Amino acid sequence: MPIVAVEGYQLSEHFILKELFIQNSNEEFRQFLFKKPNGFKLSDIDARPVRYTTRHLSGLSYTLGDISYTEVGPILQKLQHCVVYTYGCNARNFLLKWLPSTVIINIQELGYSMPKELFKRPCFLIHPARYCAASKAFDIK
């Protein structure tokens, strides 16, 4: 039963993943920080939420990242035969695009609400816990 938390940018047409945190039931976890998608140009309309999210919410710069965006699929494919737990419609919809035959449960739909303040968890980035995939995953668990 993996728990998957994401951080990124909700754009007009789709979600761009920046931070991915996967925690297994045995407490092992992996954290990934992705580069911007190859060949993707931000429109003026999409640049605004990216700037806002970076400056006022997550602190995750659009250009930050060390893993190619082409690795998102291979990383997520390892979860295709699992029941995956996540929080929020954006996270669930994003995961369903990559894992259409996987059972993905949005715990928000089960009545769970994320607390207003989250504890800072092990993360290699300095950014607010509320917008940290690691902090979200630990809280979901």
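As shown above, the structure is provided for reference.
As the structure is a computational prediction, the values presented were derived from the model and not from experiment.

So, how was this worked out
- Residues numbered from 1 in each chain as written.
- Predicted model: local features only at pLDDT ≥ 70, side-chain atom pairs only at ≥ 80, totals over all residues.
- Heavy atoms only, no water.
- Buried < 20%, exposed > 50% of the residue type's maximum accessible area, 1.4 Å probe, protein only.
- Helix = DSSP H or I, 4+ residues; strand = E, 2+ residues; numbered from the N terminus.
- Pairing = 2+ DSSP bridges.
- Core = buried A, V, L, I, M, F, W, Y, C linked by side-chain atoms within 4.5 Å.
- Arc of directions from axis to C-beta.
- Phe/Tyr/Trp six-rings, centres within 6.5 Å; stacked < 30°, edge-to-face > 60°.

Draft legend 1. Region of the structure containing the pairing of strand E1 (residues 3-10). Where burial is concerned, most of E1 is hidden: seven out of the eight residues are buried. Here E1 pairs with strand E2 (residues 15-23) via eight bridges, running antiparallel. Residue Gln10 lies in a different strand from E2, and its bridge partner there is Phe15. In this structure, the hairpin formed by E1 and E2 is closed by a connection of four residues.

Draft legend 2. The arrangement of the nonpolar core in detail. Counting residues in hydrophobic clusters, the biggest one holds 27 residues, and the most contacted among them are Val4, Leu17, Leu20, Phe34, Leu76 and Phe94. Those elements giving two or more residues to this core turn out to be E1, E2, strand E3 (29-33), helix H2 (72-77) and helix H3 (89-98). Residue contributions to this core peak at five residues, all from E2. If you look at the next biggest cluster of nonpolar residues, it comprises seven residues, including Phe21, Ala133, Ala137 and Ile140.

Draft legend 3. A look at H3. All of the buried residues in H3 are Ala91, Phe94 and Leu95. Buried residues of H3, viewed axially, fall in a sector of 95°; they line one side.

Draft legend 4. Representation of the packing of aromatic side chains. All chains considered together, the criterion is met by six aromatic pairs. With a centroid separation of 5.4 Å and 65° between ring planes, the pair formed by Phe15 and Phe94 is classed as edge-to-face. With a gap of 79 residues between them, Phe15 in strand E2 and Phe94 in helix H3 connect regions that are remote in the sequence. When its relative accessible area of 11% is taken as the criterion, Phe15 is described as buried. Centroid distance Phe34 to Tyr69: 6.1 Å. Interplanar angle 70°. Geometry classified as edge-to-face. Of the two residues, Phe34 sits in the loop between E3 and helix H1 (44-57) while Tyr69 sits in the loop between H1 and H2, which places them 35 residues apart along the sequence.

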